[in-house]
Amino acid sequence: MKLPILMLLLVGAAAFAADEKREEKTPMNSSNEVAVIKTNEGDMVVQFWTDAAPKTIENFEKLARQGFYDGTIFHRIVKEFMIQGGDPNSKDPAKENSYGQGGPGYQIKAEFNDHPHDRGVISMARSSDPDSAGSQFFICLAPVHRLDHQYTTFGKLIKGEDVLEKIGNMPVERNAQGEPSKPTKRIVIENIKIVPMDSVK
């Protein structure tokens, strides 16, 4: 009698573990999730392209859930090109000279794909090394097809086009490197929430 009971317990435990694993995996199912980028200028909602850059999306979601982006800013605005954010250095106004150089302490492999850099598309910022992206990202203000297959696109705005427009039109001055791309006011990313897509419809 004891053996069947033990078998039942083991089967039950395995089923429970499988259920738990399923529950754990559900939040990571990016295909039914979006990112709500909450800024002090309004919210933008990004739908992910899971077919194109699954590892990039997984990294972005992980950082967002950890609160990594909370309090960072869009530190770079290049007119008719893009807005860039996601640098942890940008949380501190005293580190202004190092804006654009920060990251999560690791780099991820590029996932170049066939989704073009059109207006509203989100893509990973990087240095000259293709596999040097970490946490910084940019959102295109116009089609920039010269970047196609050079930078990892991973989603597109489905809400907040007016916010993108507003941020893209912010006055800028020269940054520490002499580029006319530094916003004259802080555009703060208050947080990035990963939520079910149907919750923002």
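Residues numbered from 1 in each chain as written. Predicted model: local features only at pLDDT ≥ 70, side-chain atom pairs only at ≥ 80, totals over all residues. Heavy atoms only, no water.

Side note on unusual backbone geometry
With a phi angle near 60 degrees, Glu80 is a residue other than glycine that sits in the positive phi range. Inspection of the secondary structure assignment puts Glu80 in the loop between β3 (72-78) and β4 (82-85). Since its relative accessible area comes to 63%, Glu80 is described here as exposed. Despite not being glycine, His149 has its phi angle at roughly 65 degrees, a positive value. You can call His149 partly exposed: its relative accessible area is 43%. (Helix = DSSP H or I, 4+ residues; strand = E, 2+ residues; numbered from the N terminus. Buried < 20%, exposed > 50% of the residue type's maximum accessible area, 1.4 Å probe, protein only.)

Focus: the nonpolar core
Counting 32 residues, the largest nonpolar core has Met44, Phe137 and Ile139 as the members making the most contacts within it. When residues of this core are assigned to their parent elements, the largest contribution, four residues, is made by helix α2 (residues 54-66). Not counting residues up to four positions away in its chain, the partners in contact with Ile139 are Ile37, Met44, Phe74, Phe81, Met82, Ile83, Gly120, Val121, Ile122, Leu157 and Leu164. Listed in part, the eight residues of the second largest apolar core include Val78, Phe81, Met82 and Cys140. (Core = buried A, V, L, I, M, F, W, Y, C linked by side-chain atoms within 4.5 Å. Contact = heavy atoms within 4.5 Å.)

As for the sheet that holds β3
Read around the closed barrel, eight strands run β1-β2-β7-β5-β6-β4-β3-β10, paired in antiparallel fashion. The mean inter-strand angle of the sheet, taken between neighbouring strand axes irrespective of direction, is 35 degrees. Sheet analysis places strand β1 (residues 33-39) next to strand β10 (residues 188-196), joined by seven bridges and oriented antiparallel. Paired with Val36 across the bridge in β10 is Lys193. The strands touched by α2 are β1, β2 (42-48), β5 (121-124), β6 (137-140), β7 (153-159) and β10; relative to β10, the strand with the most contacts, the crossing angle is about 115 degrees. (Pairing = 2+ DSSP bridges. Axes fitted to C-alpha atoms, helices over the stretch in contact; angles between N-to-C directions.)

Topic: the pairing of β6
The alternating pattern of β6 places Phe137 and Ile139 and Phe138 and Cys140 on opposite faces, both of which are buried. As judged from the four bridges shared by β4 and β6, these two strands associate in the antiparallel manner. From the neighbouring strand, Gly85 faces β6, where its bridge partner is Phe137. Note: β5 against β6, three bridges, orientation antiparallel. Bridge pairing in β6 links Met124 to Phe137.

Here we look at the pairing of β7
Summarising the sheet, β2 and β7 pair through four bridges and their orientation is antiparallel. Counted as the bridge partner of Val46 is Leu157 from β7. As paired elements, β5 and β7 share three bridges and run antiparallel to each other. Paired with Ser123 across the two strands is Thr153, which belongs to β7.

Structural notes on the pattern of salt bridges
Opposite charge on two side chains permits pairing when their charged atoms draw close. A full pass over the atoms with the stated rule returns ten salt bridges. The shortest N-O distance in the salt bridge between Lys185 and Glu41 comes to 2.6 Å. Of this pair, Lys185 sits in the loop between β9 (180-183) and β10 while Glu41 sits in the loop between β1 and β2, placing them 144 residues apart in sequence. Lys185 gets classed as partly exposed once you look at its relative accessible area, which sits at 40%. (Salt bridge = Lys/Arg side-chain N within 4 Å of Asp/Glu carboxyl O.)

Quick look at the confidence of the model for the protein
Mean pLDDT over the protein works out to 89, with 85% of the residues at or above the 70 mark. Of all secondary-structure elements in the protein, the lowest mean pLDDT belongs to helix α1 (residues 2-25), at 44, while β6 reaches the highest, 99. Here residues 1-28 scores under 50 on pLDDT; set against residues more than four positions off or in separate chains, the count is eight contacts. (pLDDT = per-residue confidence, 0-100.)

Structural notes on α2
Compared with the 18 Å implied by 1.5 Å per residue over 13 residues, the 18 Å span of α2 between its first and last C-alpha is a close match. Buried positions along α2 lie against β1, β2, β5, β6, β7 and β10. Note on α2: the residue one or two positions beyond its end, Gly67, has a positive phi of about 80 degrees. (Expected span 1.5 Å × (residues − 1).)

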